[in-house]
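Commentary on secondary and tertiary structure
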Protein chains: 2
Amino acid sequence: MPLKENSAFVAFMPSGRRGRFPVGTPILDCARQLGVDIDSVCGGRGICGRCQVVVAEGEFSKHGIQSSATNISPRGEPENLFDARKGLAPERRLSCHALLWGDVVIDVPASSQVHKQVVRKRAEVRDIVMDPAIRLHYCVVDEPDMHNPLGDFERLLKALDEQWDVKGLEEIDMRVLRNLQSALRQGDWKVTVAVHRGLRITAVWPGFKDKAYGIALDIGSTTIAAHLCDLATGEVLESDGTMNPQIRFGEDLMSRVSYIMMNPGGEDHLIESVRRAVSDLAKDVIDTSGVTPDAVLNMTVVGNPIMHHLFLGINPIELGGAPFALATSSGMTMWATEVGLDTVNEDARVYMLPCIAGHVGSDTAGVILSEEPHLRDEMTLIVDVGTNAEIVLGNRYELLAASSPTGPAFEGAQISCGQRAAPGAIERLRIDPETLEPRFKIIGCDAWSNEDGFDVEAERIGITGICGSGIIEVLGEMLLAGILRTDGTIDGALAARSARVESDGRTFSYLIHNGESRISVTQNDVRAIQLAKAALYAGAALLMDKMAVDHVDRIVLAGAFGTHIDPKYAMVLGMIPDCGLDRVYAAGNAAGTGARIALLNQQSRDDIQRIVKTITKVETAVEPRFQEHFVKAMALPHADAAYPQLEAEVPELTKVRMLAPVLAKADEGRRRRRRSRA
Amino acid sequence: MPLKENSAFVAFMPSGRRGRFPVGTPILDCARQLGVDIDSVCGGRGICGRCQVVVAEGEFSKHGIQSSATNISPRGEPENLFDARKGLAPERRLSCHALLWGDVVIDVPASSQVHKQVVRKRAEVRDIVMDPAIRLHYCVVDEPDMHNPLGDFERLLKALDEQWDVKGLEEIDMRVLRNLQSALRQGDWKVTVAVHRGLRITAVWPGFKDKAYGIALDIGSTTIAAHLCDLATGEVLESDGTMNPQIRFGEDLMSRVSYIMMNPGGEDHLIESVRRAVSDLAKDVIDTSGVTPDAVLNMTVVGNPIMHHLFLGINPIELGGAPFALATSSGMTMWATEVGLDTVNEDARVYMLPCIAGHVGSDTAGVILSEEPHLRDEMTLIVDVGTNAEIVLGNRYELLAASSPTGPAFEGAQISCGQRAAPGAIERLRIDPETLEPRFKIIGCDAWSNEDGFDVEAERIGITGICGSGIIEVLGEMLLAGILRTDGTIDGALAARSARVESDGRTFSYLIHNGESRISVTQNDVRAIQLAKAALYAGAALLMDKMAVDHVDRIVLAGAFGTHIDPKYAMVLGMIPDCGLDRVYAAGNAAGTGARIALLNQQSRDDIQRIVKTITKVETAVEPRFQEHFVKAMALPHADAAYPQLEAEVPELTKVRMLAPVLAKADEGRRRRRRSRA
């Protein structure tokens, strides 16, 4: 170090790191030596503009210094050039070219940090810390020298080491190696390389390049969703979805597996179709956002076990029957070309999150990454409802996971007037407990059915059916109004009070709307939902048994269904255990969010791999207690379980429970058939 | 440990390791606990027979015990079954099923050791210690269990850990993963896996399998050689060669590079043709030896830099001109499919040895692995003569490497009566110094030309030309007989003494044979060899300068040329520096041997990578001293250098050197043209 009078003091905010450096040191160098997180792709050459900082002005008593913009060298040629090229706000400086002249306090804006945080909308979840698996490094490589005949690749490694402190990197993709020599010469010995997980070069371009992208994929049985992200900012540039074309081989997963069982070699059709769809969807988000396919270097994927297997090219028939053996339950990294993706960089790496068990896939691993029950003290119950319901219960000390066979009732199938969530579908409903008259809202119209303007709008849109979340609300209101008894039967005695309660012969139904379509709830509709909710509740109850807890502190409803239902009615029907309604959260597409977290933060991949290994997997099919819970959970809300918190918030529930007899053993035979999954 | 009376003493030979174990312990378990090297593929299940041992009988005073075959449990069912199936010599026992009953001394035959030694024919080189990159492990995998839903892959890893102590393995090839479930079920949860370098599963088969193979490849400009090896025994099952089909794009390397320069995209033709040839050659050796292509799991490859690049699919034009930049000088591991090999297991791994410099390829790295100059105290000069001569000089303290542009004269090109080594070619020759009459031998006939029976045989075969090694002997004898002066001119004055010395006008020639073909040595032939040998000598001398040594202790002549020439004549002509003739060794195809060593011993791959980094590379083209040495080395044997050791063994050389004037500056212009390589 030079003499003290030739040095100056610098403090960086918000990290608070500080030190003394020789006058004339670039601010970026000071930051690096202090371990301050400032981004750079060009390596201090004034090209990328990632290292922007602001000099704080004023007296900082904490640091005991007077900071001033004049204590930094004035803007020079490189910063003016950058300003002309890309724009540089007056107070901003490129820290690679601003030299320390005197004591200063430097503000590092969030946008200049490598490990910046990507803020999530929901208050109760952590932000994502940027740490992508792909990093770009601009390198100036030594020209070849006959006196020291290192190969081009080895001189590139030397540059990465010297200019970026990238150590231990020894590998390069063969296709990249084949292009390396021309890239170096075309770029006049300046290239940008993409490094995957600090270990392998997966792309090289001549000259400077500062954009790399990734796609987070959620492959569902019905739909496939893709989110194209900027790997430096974490920003989602484009999201899109497509139908899973495998639907033509069967609506639900088991019918697709049956297709393969009955058509040997048929797995190839399913594999090909899902990969084609993913490639095309990737192309769509890439084209729409205007990025070059070549710059899409990383993908992360979640899916249920069968989608997981098919996307990886593995025949899923083992998952079609007991013991439901996964080919692998580990996270897997592979080339895009290995899974047939042809619309991104061919050396892009695809990371598939680990599966948890034969019925609990990498989508649930994604949900865990998104919701982080393992980082909380509170006992959290996470429910992701689809054809199966994946259930996770736990906290920082232990996690349990299971899958319950809810069937497709929650998705509106098996419901006589069920339909998908589209304009005209009933999504909200209230029943007057005195008159038993309903009022409701349909998708596409803001007014309730008893409000002005509804009829005109309804005439235009049509009142066509009840969507999946609507049916929960309808049944909940029927229960609270006394139309449904707690054993799930529609109370025929009420037919005397209201024409809406109609006899179908042996059973009764409740008429909601009598227009172009006649929309009513039949006894069979109630039974279908009862079976589904009993399976869901029994899974949660089984995990609570295993965890030896009698209540949960927090419930997260993941997936589209969880987003749209009103938690109050889910609880009134006994789909989920008792919990303060303010502690029930809708997480949206948490599986997809998990894929995005794995895309933006490489450490999370190791985390989820480790977490999945520690999860206790519970197989509902072999647990006798599941059957017991299932039987009791046929009652509404439940034969045994108390809901004190819910009853405090929904007093009429108390009345229902007091009046109604406990359901004993209704529909035993029918339940048995459903229970035997194999 | 149990009580001492319930234990017994066991000593293993030849390692000498010994210990005390409970009575009833399998001998294989004793060996493993003592770290004794005993092979096993089946993991102690009596299937593979790799763990055979012999009980030594008698008193072993060193160990203080009386060893007897009755101190081992008698042969039981598994050993009898194995005997019936594969044969088991009476004195042999399967150590996995022979139990310790009393004190014994156990002989472990070399064939039962994992790290057995593969003996090489030459006494002066080390044996190869078996340690292949591919190991087979027979595993009994837990069946899937709904109570513990680990994936099939993870249960396989568990078996590898528990049954084979394979730790830290987490990876599997995607294609192997896709077949894993069916292999496990087909094999009734017993499979054999191939593990590459202890880190990745690259093959899986149902049931027991104990054979894995590898191919060592030497890709030369003219010929490609393949050696198919058993990866357990190290045995070469089949060797074969084929012409390099790239010859149609140019005889020598530079004309192939010119082809690419003049035909953009033309590299694809060269890449495709060499890969096709390698695939076909692999198929040939596989078919001939009767192994299944699926069991060929590893390949190692050496080649000069241009072959190295083309085989890897890299355009070699950068190697066509200064500064001769390699794309990479590191060893590379890739899939067979990545280099277009389609006749071996598609998940076979190909290891390409590292290159040393732009003119010194992975073939020279192979030569170093084979000859191990870095393990010797003696100063060793290694010369591998082809179109270029690769030269390595050094010992355990330092290694230097260079390439000299010898041109194709040593291969018989540029020689008027030159031909390839085939029946009818003159390969040996002696000249009577008094009469100047020659006698010679041709390939295909055992008799000398002055012996009985020669004429009949020669009539049948034909006397057609002089092969590459023959021309060295012819010139050497001409020099020793005084027909050649030390400046390389044919002494026209001798035309008066012998009709064999004939005038061609300005120069003279020496007539060897006047039959159907007229075979003579012209002045131009001598000049061509002089230029080639001067380049070779100058390269060696330059390295000796750099190493600051005035002599070498040992010379290794690698390659076919080195195998066939008589070192005496090479030294008489001054191709190589002075050295005791008994310290000159012909190493044969040392590059190919190096590939074989890398195939059989994985550690050697890391060794050669490390060694290559430490080699000092000398570029002859930019060294002024090379030109000086070149000029002086035009003389025969050399203008300056003394050959005291050679003169002691070949006294007539002294006479030649005493009589002849030192060559000054003949053919300066012609030499200049040759020297400028670019």
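Fair warning: this is a prediction, and the values are worked out from it, not measured in the lab. (Residues numbered from 1 in each chain as written. Chains lettered and ligands numbered in written order. Predicted model: local features only at pLDDT ≥ 70, side-chain atom pairs only at ≥ 80, totals over all residues. Heavy atoms only, no water.)

**A few points about the domain arrangement of chain A**
All names here are of chain A. Along its sequence, chain A is carved into domain 1 (7-112), domain 2 (134-206), domain 3 (220-360), domain 4 (365-405 + 539-640), domain 5 (417-521) and domain 6 (642-678). Put simply, the middle of domain 2 and the middle of domain 3, counted by C-alpha atoms, are 32 Å apart. Listed by partner, the interface residues are eleven residues for domain 2 and eleven residues for domain 3. Between domain 2 and domain 3 lies a buried interface of about 900 Å² when both sides are counted; carbon and sulfur atoms form 53% of it. (Domains from an automatic or database assignment. Contact = heavy atoms within 4.5 Å. Buried area = accessible area lost by both parts, 1.4 Å probe.)

**Some details on the sheet that holds strand S27 (residues 508-514) of chain B**
By definition, the strands of a sheet pair up through backbone hydrogen bonds, in either a parallel or an antiparallel sense. Residue and element names in this part refer to chain B. An order of S26-S27-S28 is seen for the three strands of this open sheet, with the pairing classed as antiparallel. Of all the strands in the sheet, the pair left with one neighbour each is strand S26 (501-503) and strand S28 (518-521). Pairwise comparison of adjacent strand axes, ignoring direction, gives a mean angle of 45° for this sheet. Of the pairings in the sheet, the one linking S27 to S28 comprises four bridges and is antiparallel in character. Residue pairing for S28: Asn514 is matched across the bridge by Arg518. Docked against the sheet, helix H10 (residues 468-480) engages S27 and S28, running at close to 60° with respect to S28. (Pairing = 2+ DSSP bridges. Helix = DSSP H or I, 4+ residues; strand = E, 2+ residues; numbered from the N terminus. Axes fitted to C-alpha atoms, helices over the stretch in contact; angles between N-to-C directions.)

**Some details on a nonpolar patch on the surface**
Residues and elements named next belong to chain A. Judged by side-chain polarity, Met261, Met262 and Ile317 come together as a nonpolar surface patch covering roughly 320 Å² of accessible area. Structurally, the position occupied by Met261 is in helix H5 (residues 253-262). For Met261, a relative accessible area of 47% corresponds to the partly exposed category. (Patch = residues over 30% accessible without salt bridge, like charges linked within 9 Å, V, L, I, M, F, W, Y side chains within 5 Å. Areas by Shrake-Rupley, 256 points an atom, 1.4 Å probe, with all protein chains shown as cover. Salt bridge = Lys/Arg side-chain N within 4 Å of Asp/Glu carboxyl O. Buried < 20%, exposed > 50% of the residue type's maximum accessible area, 1.4 Å probe, protein only.)

**As for the interface of chain B and chain A**
In this complex, chain B contributes 44 residues to the contact, which on the side of chain A involves 43 residues. Note on chain B versus chain A: buried area summed over both sides is about 3,600 Å², and carbon and sulfur give 61% of it. Three residues stand out in chain B for area buried against chain A, namely Met146(B), Met174(B) and Arg178(B), and they jointly supply 19% of the buried area on that side. Across the chain B-chain A interface, the total number found is two salt bridges. A salt bridge links Glu318(B) to Arg185(A); its shortest N-O distance comes to 2.9 Å. Here chain B is connected to chain A by 24 residue pairs in polar contact (both at pLDDT 80 or more). Elements represented by at least two residues in the side of chain B that touches chain A include exactly helix H3 (152-164), helix H4 (174-186), helix H7 (305-312) and strand S18 (332-335) of chain B. If you tally residues by element for the side of chain B that touches chain A, the top one is H4(B), at six residues. (Polar contact = N/O pair within 3.5 Å; in protein donor to acceptor, adjacent residues only side chain to side chain.)

**Description of the relation of the copies chain B and chain A**
The transformation that overlays chain B on chain A combines an axial shift of 0.1 Å with a rotation of 180°, and the residual RMSD is 0.2 Å. The superposition operator between the copies reduces to a two-fold rotation axis. Both copies contact each other with a shared surface, as 98% of the interface residues of chain B are interface residues in chain A too. (Least-squares fit on C-alpha atoms with pLDDT ≥ 70 in both.)

**A word on the environment of Pro109(A)**
Along the chain, Pro109(A) falls in the loop between strand S7 (104-107) and strand S8 (117-118). If we skip the residues at most four places from it in the chain, Pro109(A) touches Gln52(A), Val53(A) and Arg92(A).

**Structural notes on the pattern of salt bridges**
One pass over the full model with this rule turns up 79 salt bridges over all chains. Among the ionic pairs, Arg485(A) bridges to Asp491(A), the shortest N-O distance being 3.4 Å. Salt-bridge contacts for Asp152(B) lead to Arg185(B); the nearest nitrogen and oxygen are separated by 2.8 Å. Residue Asp152(B) is located in helix H3, and its partner Arg185(B) is located in helix H4; the two are separated by 33 residues in the primary sequence. Assessed through its relative accessible area of 0%, Asp152(B) is described here as buried. Linked by salt bridges that have partners in common, Arg120(A), Arg122(A), Glu124(A) and Glu371(A) make up one network.

**Let's talk about helix H4 (residues 174-186) of chain A**
Relative to the 18 Å expected for 13 residues at 1.5 Å per residue, H4(A) spans 19 Å between its end C-alpha atoms, a close match to the ideal helical length. A maximum bend of about 45° is found in H4(A) at Leu180(A). Those residues of H4(A) not exposed but buried are Met174(A), Val176(A), Leu177(A), Leu180(A), Gln181(A), Ala183(A) and Leu184(A). Looking at the buried residues of H4(A), the elements they touch are helix H3 (152-164), strand S11 (171-172), strand S12 (190-196) and strand S13 (200-206) of chain A together with H7 and S18 of chain B. Phi turns positive one or two residues past the end of H4(A), at Asp188(A), with a value near 50°. (Expected span 1.5 Å × (residues − 1). Bend = angle between axes of the 7 residues up to and from the residue.)

**Considerations on the packing of aromatic side chains**
Within this structure, the stated rule accounts for eleven aromatic pairs over all chains. With a centroid separation of 5.6 Å and an interplanar angle of 65°, the aromatic rings of Trp335(A) and Trp335(B) are classed as edge-to-face. Of this pair, Trp335(A) sits in strand S18 (residues 332-335) while Trp335(B) sits in strand S18, on two different chains. You'll find Trp335(A) and Trp335(B) in the same group, each marked buried. Note that Arg439(B) overlies the ring of Trp448(B), its terminal NZ or CZ placed 4.9 Å from the centroid. (Phe/Tyr/Trp six-rings, centres within 6.5 Å; stacked < 30°, edge-to-face > 60°. Lys NZ or Arg CZ within 6 Å of the ring centre and 35° of its normal.)

**Overview of the sheet that holds strand S31 (residues 616-618) of chain A**
Residues and elements named next belong to chain A. Judged by pairing direction, the sheet is mixed, and its six strands sit side by side in the order S30-S29-S20-S21-S22-S31 without closing on themselves. On the outer flanks of this sheet lie strand S30 (584-588) and S31, each paired with one strand and no other. The sheet shows a mean angle of 20° between the axes of neighbouring strands, direction not considered. Looking at chain direction, strand S21 (residues 389-395) and strand S22 (residues 398-404) are connected through seven bridges and run antiparallel. Looking at the pairing, Gly394 lines up with Leu399 of S22.

**A closer look at the pairing of strand S27 (residues 508-514) of chain A**
Residues and elements named next belong to chain A. Where strand S26 (residues 501-503) meets S27, three bridges bridge the pair, whose relative direction is antiparallel. Along S27, the bridge assignment pairs Ser503 with Phe508. Hairpin connection, S26 to S27: the antiparallel pair is bridged by four residues, and Gly505 has positive phi, about 115°. Hairpin remark: S27 followed by strand S28 (residues 518-521), antiparallel, with three residues in the connecting loop.

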